[in-house]
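The primary structure of each chain is shown beneath.
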Amino acid sequence: MAPRNLLCMRSNFLFGSRCWMIRFSAEMLFKSVSFRLFRVKYDNTDTEPLENEKLLNNLLTMGVDVDMAKKRQPGVFNRVGTNEQDLKMFLLSKGAKEEVIASIISRYPRAITRTPESLSKRWDLWRKIMTSDLEIVNILERSPESFFRSNNNLNLENNIKFLYSVGLTHKCLCRLLTNAPRTFSNSLDLNKQMVELLQEVCLSLGHNDPTDFVRKIILKNPFILSQSTKRVKANIEFLQSTFSLNNEELLVLICGPGAEILDLSNYYAKRNYTNIKEKLFSLGCTEEEVQKFVLSYPDLIFLGEKKFNDKIDCLIEEKITISHIIENPRILDSSINTLKSRIKELVNAGYNLSTSSITLLSWSQKRYKAKLKKLNIG
């Protein structure tokens, strides 16, 4: 029995050893394979960015903020061919300074992917509207995306022709390109849809000159062509229903001070107006007074709940009556800090805000300082 047990123990030991060795060998095999795979992958990534290193060196030499550029459009740094040197030479030839070029690439690195031929063609199209290269450089410095976002020069050319065809003058297009250059990067269909909507609105309100109507609204709100027709239509309906306007009154509003509201988020417009109502109701105002207040200065609808309430509270605390505020809505354009500092300065100068005019709270800094100086002398 003893030899048999010993034999079994030996057999078990050998069998277990074999299993352990097989398992150990398998583990070593997989580890070896995975290590080799990892090593190959590591080697590939180690040799891949040779072109990137050249690009990075070029951009750093040009003074570009590479960290900012990578955050904004990282994909540019994986491209094999870029034209940063051509772009630099092109913009220098147009009068741009080196620091301006560096800023443009930092904020919109995709600019370095445009070819010299495409840049030249696009520049010539812009020059059909702008009177000098320097004007275009100034727009690029402020909004590089507007020029470099698209390289579809045919679309740009078609947009220019279309906007002229609907009655916009050279002056209108110049203002559009200066203030809302993205309009010209829109698809032609998008611009057509908005113009057609505005023409339909014009006719539905009884105005018989759609060309004049479209021109007036775009001059008042150059950003409207970049908005959705759904948003603009919803805001027109909101203005008419909320303030119970007839067609003639609505026409005057949206061709004038209410034009800028048309591209505001409809949800935001409704929420802000509801807050204005609730705040003024709590101070004893009637529905009629609230509507008159907002219609006299529609920009109030841009004020969020906290900003509007804080400004009203600040003025009320200084013994300025709500009726006084309603008569002078533009004072709410000033920041809360400006209101507080001016109120303090005027009170120290002996100015009585509760009985005197409060319009100077919204004056330009230069005009306000001149008035304050006179008060202090007096």
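Provided above is the structure to which this section pertains.
In this text the structure is predicted, and so the values were computed from the model without any measurement. (Residues numbered from 1 in each chain as written. Predicted model: local features only at pLDDT ≥ 70, side-chain atom pairs only at ≥ 80, totals over all residues. Heavy atoms only, no water.)

1. Description of the overall build of the chain
Across its full length, the chain carries 20 helices and 0 strands. Excluding contacts between residues fewer than 6 apart, the proportion of contacts in the chain whose partners are at least 24 apart in sequence is 71%. In the structure as shown, the chain presents an accessible area of about 21,600 Å², 54% of it carried by carbon and sulfur atoms. (Helix = DSSP H or I, 4+ residues; strand = E, 2+ residues; numbered from the N terminus. Contact = heavy atoms within 4.5 Å. Areas by Shrake-Rupley, 256 points an atom, 1.4 Å probe, with all protein chains shown as cover.)

2. A word on the side chain of H324
With respect to the helices and strands, the residue H324 is situated in helix α18 (residues 322-327). At 3.4 Å, the side chain of H324 and the backbone oxygen of S356 are in polar contact. Once you skip the residues sitting within four places of it in the chain, H324 turns out to touch L353, S354, S356, S357 and I358. (Polar contact = N/O pair within 3.5 Å; in protein donor to acceptor, adjacent residues only side chain to side chain.)

3. A few points about the pattern of salt bridges
Tallied over the full model, the rule gives 7 salt bridges. When the shortest N-O distance is used, the salt bridge between D212 and K216 registers 3.3 Å. Taken as a pair, D212 and K216 lie in helix α12 (residues 210-220) at a separation of 4 residues, close to a single helical turn. According to the relative accessible area criterion, D212 is buried, its value standing at 16%. (Salt bridge = Lys/Arg side-chain N within 4 Å of Asp/Glu carboxyl O. Buried < 20%, exposed > 50% of the residue type's maximum accessible area, 1.4 Å probe, protein only.)

4. Some remarks on the packing of helix α11 (residues 188-204) against helix α13 (residues 229-242)
Two quantities define a packed helix pair, namely the angle between the helix axes and the distance between the axes. Contact geometry of α11 with α13 gives a least axis separation of 10 Å together with a crossing angle of 20°. The angle between the axes of α11 and α13 places the two elements in the roughly parallel class. Of the two possible hands of crossing, α11 and α13 adopt the one that is right-handed. Between α11 and α13, the contacting residues are Q193, M194, L197 and V201 on the first element and T229, V232, K233 and I236 on the second. A class-by-class count of the residues in the contact of α11 with α13 yields 5 nonpolar, 2 polar and 1 charged. (Axes fitted to C-alpha atoms, helices over the stretch in contact; angles between N-to-C directions. Parallel < 35°, antiparallel > 145°, perpendicular 65-115°, else oblique. Left-handed = near helix turned anticlockwise from the far one by under 90°. Nonpolar A, V, L, I, M, F, W, Y, C, P; charged D, E, K, R; others polar.)

5. What to know about the packing of aromatic side chains
Applying the stated criterion to the full structure yields 6 aromatic pairs. Between W123 and F147, the aromatic rings sit 5.7 Å apart at their centres with planes inclined by 70°, giving edge-to-face as the arrangement. One end of the pair, W123, is in helix α6 (residues 116-127); the other, F147, is in helix α8 (residues 144-148), and 24 residues separate them in sequence. For the residue pair W123 and F147, the accessibility class agrees, reading buried in each case. Measuring from centroid to centroid gives 5.1 Å for F243 and Y273, while their planes differ by 65°, and the two rings are edge-to-face. Of this pair, F243 sits in the loop between α13 and α14 (247-255) while Y273 sits in helix α15 (residues 266-282), and the two are 30 residues apart along the sequence. For the pair formed by F243 and Y273, the shared burial category is buried. Every member of this aromatic cluster is reached through a ring pair, and the members are F90, W123, W126, F147 and F148. (Phe/Tyr/Trp six-rings, centres within 6.5 Å; stacked < 30°, edge-to-face > 60°.)

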